[in-house]
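Notes for the structure review
Next come the chains, spelled out residue by residue.
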Amino acid sequence: VNDDTPPRTLSERSISAVADLINSGKVRRVVVMTGAGISTAAGIPDFRSPETGLYANLASLDLPEPEAVFDLSFFKENPRPFYALAKELYPGRYHPTVSHVFISLLASKNLLHQLFTQNIDCLERAAGIPEDLIVEAHGSFATQRCVECKTTYDDDKMRDHVRRGDVPRCEAKTGGLEGVCDGLVKPDIVFFGEQLPRSFFDRMPKAAQADLVLVMGTSLQVHPFASLPNQAMEYVPRVLFNMERVGTLGSQADDVLVLGDCDTGVRKLADALGWGEELEKVWKEL
Ligand code: CNA
């Protein structure tokens, strides 16, 4: 990395230069890539932060290793740890953060080309970002189905089971002796070893069409999502809002690193854009 390399698109590698570029009208296709770090301020722990992350706090769930909670073969043997976690993460308990609302402002100003999120908490929808602009790359808790026969399962029943912390089973009629399938029901979130949804691959080209990329609250450890920021053209500014430097962010001349908590970084960008008051108002009224 050579931090002295002069940027080609920005006037300098700073938040105010990013704001100037947006306000100049030259930016029309902002692509945003997010992870668990944009939801920690809502009270949902991320995976990998030391001490506060879920992986550091799963000891009580009796797992061979923390990742097993999202492993399909482990789930089929023992779905209980996953359902204990699902009770914690289930949508409806949390409020979108300033960062979510900033993305919704990009959408309402017709600047959002696509949001790719790894989060399964549905807070993007709750913030009012139009569904067609959201790719839930790792699925979400919005729908669920049987791991055996793939029959979908009722939303209300699912919510009741998750609240009680117990494991729902498929009620699809089968020709067998018992009469019902009885397979395990799992939310449509992507476990290790499962394919990402088609929408991820269908919309991936949108990342290459970006004229500004914002990466927020992700460790960029999970593939193929982690490669998304590298799809953008070389002269396209990429701004990282994260506690730590991740992936290849910072290695290009037009990369801007905004290290620290993402709501603080986002507020700085909103202020530089002249959107500060609007951001707070929309967030408070949500
Ligand atoms: P991760 O690997 O836990 O990384 C989170 C990143 O965000 C780290 O780099 C942190 O330093 C950073 N971070 C944490 N808090 C903040 C903050 N307030 N401001 C700025 N940066 C912060 O999570 P990833 O999303 O990268 O990993 C991908 C997994 C995590 C996906 O499959 C998700 O489904 C999964 N996950 C989702 C949720 C959710 O939906 N809210 C919660 C926990 C895990």
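Residues numbered from 1 in each chain as written. Predicted model: local features only at pLDDT ≥ 70, side-chain atom pairs only at ≥ 80, totals over all residues. Heavy atoms only, no water.

As named in an unreviewed UniProt entry, the chain is NAD-dependent protein deacetylase hst2-1, taken from Cladorrhinum samala.

1. Here's the deal with the overall build of the chain
Within the chain one finds 10 helices and eight strands. Its C-alpha radius of gyration of 20 Å places the chain within 12% of the 19 Å reference for a compact globule of 286 residues. With the C-alpha coordinates of the chain rotated into their principal frame, the extents come out at 70 × 40 × 35 Å. Across the 286 residues that make up the chain, the buried fraction comes to 50%. Put simply, of all contacts in the chain between residues at least 6 apart along the chain, 65% involve residues at least 24 apart. Total accessible area on the chain stands at roughly 13,600 Å², and carbon and sulfur atoms take up 48% of it. Positive and negative side-chain charges of the chain, numbering 30 and 41 respectively, have mean locations separated by a distance of 4 Å. (Helix = DSSP H or I, 4+ residues; strand = E, 2+ residues; numbered from the N terminus. Rg over C-alpha atoms; globule rule 2.2 N^0.38 Å. Buried < 20%, exposed > 50% of the residue type's maximum accessible area, 1.4 Å probe, protein only. Contact = heavy atoms within 4.5 Å. Areas by Shrake-Rupley, 256 points an atom, 1.4 Å probe, with all protein chains shown as cover. Lys, Arg positive; Asp, Glu negative; His and termini not counted. Charge placed at Lys NZ, Arg CZ, Asp CG, Glu CD.)

2. A look at the confidence of the model for the chain
In this model, the chain carries a mean pLDDT of 93, and residues with pLDDT of at least 70 account for 97%. The ipTM, which scores confidence in the relative placement of chains, is 0.97 for this predicted complex, and the corresponding pTM is 0.94. (pLDDT = per-residue confidence, 0-100.)

3. Some points on the site of the ligand
By nearness alone, 28 residues border the ligand, and Arg 48, Asp 121, His 138, Ser 219 and Glu 244 come closest of all. Between an oxygen atom of the ligand and a main-chain N or O atom of Gln 118, the distance comes to 2.8 Å. At 3.0 Å from an oxygen atom of the ligand is found a side-chain nitrogen or oxygen belonging to Asn 242. Burial of the ligand by the protein chains amounts to 95% of its free accessible area of 860 Å². (Near = heavy atom within 4 Å. Polar contact = N/O pair within 3.5 Å; in protein donor to acceptor, adjacent residues only side chain to side chain.)

4. A word on the nonpolar core
Ranked by internal contacts, the top residues of the largest apolar core, which has 38 residues, are Val 32, Phe 102, Leu 106, Leu 112, Leu 214, Phe 241 and Trp 275. Counting residues per element, this core draws most heavily on helix H4 (residues 98-108), which supplies seven residues. Setting aside its immediate chain neighbours within four residues, Trp 275 contacts Ile 22, Phe 102, Leu 105, Leu 106, Lys 109, Leu 111 and Ala 270. Ranked by size, the runner-up nonpolar core spans 33 residues in total, among them Phe 82, Val 147, Val 162 and Val 167. (Core = buried A, V, L, I, M, F, W, Y, C linked by side-chain atoms within 4.5 Å.)

5. What about the pattern of salt bridges?
Across all of its chains, the model carries 13 salt bridges by this definition. Here Glu 234 and Arg 8 are joined by a salt bridge, their closest N and O atoms 3.9 Å apart. Separated by 226 residues along the polypeptide, Glu 234 in the loop between strand S6 (212-216) and strand S7 (238-242) and Arg 8 in the segment before helix H1 (15-23) bring together distant segments of the chain. Classification of Glu 234 as exposed rests on a relative accessible area of 56%. Relative accessible area serves as the criterion here: at 60%, Arg 8 is assigned to the exposed category. Between Glu 285 and Lys 281 there is a salt bridge, with the nearest N and O atoms lying 3.7 Å from each other. A residue pair is termed a helical-turn pair when its members lie 3 or 4 positions apart in one helix, as Glu 285 and Lys 281 do in helix H10 (residues 276-285) at four residues. Considered together, Glu 285 and Lys 281 belong to a single accessibility category, that of exposed residues. (Salt bridge = Lys/Arg side-chain N within 4 Å of Asp/Glu carboxyl O.)

6. Structural notes on the sheet that holds strand S8 (residues 255-259)
Sheet strands pair by backbone hydrogen bonding; their relative direction is either parallel or antiparallel. Sheet architecture is open: six strands sit in the order S3-S2-S1-S6-S7-S8, paired in parallel fashion. Single-partner strands in this sheet number two, and they are strand S3 (134-136) and S8. Taken over all neighbouring pairs, the strand axes of this sheet differ in orientation by 15 degrees on average, direction set aside. Sheet analysis places S7 next to S8, joined by five bridges and oriented parallel. In the strand pairing of S8, Phe 241 is matched with Val 258. In the packing of H1 onto the sheet, contacts are made with S6, S7 and S8, and the angle to S8 comes to roughly 125 degrees. (Pairing = 2+ DSSP bridges. Axes fitted to C-alpha atoms, helices over the stretch in contact; angles between N-to-C directions.)

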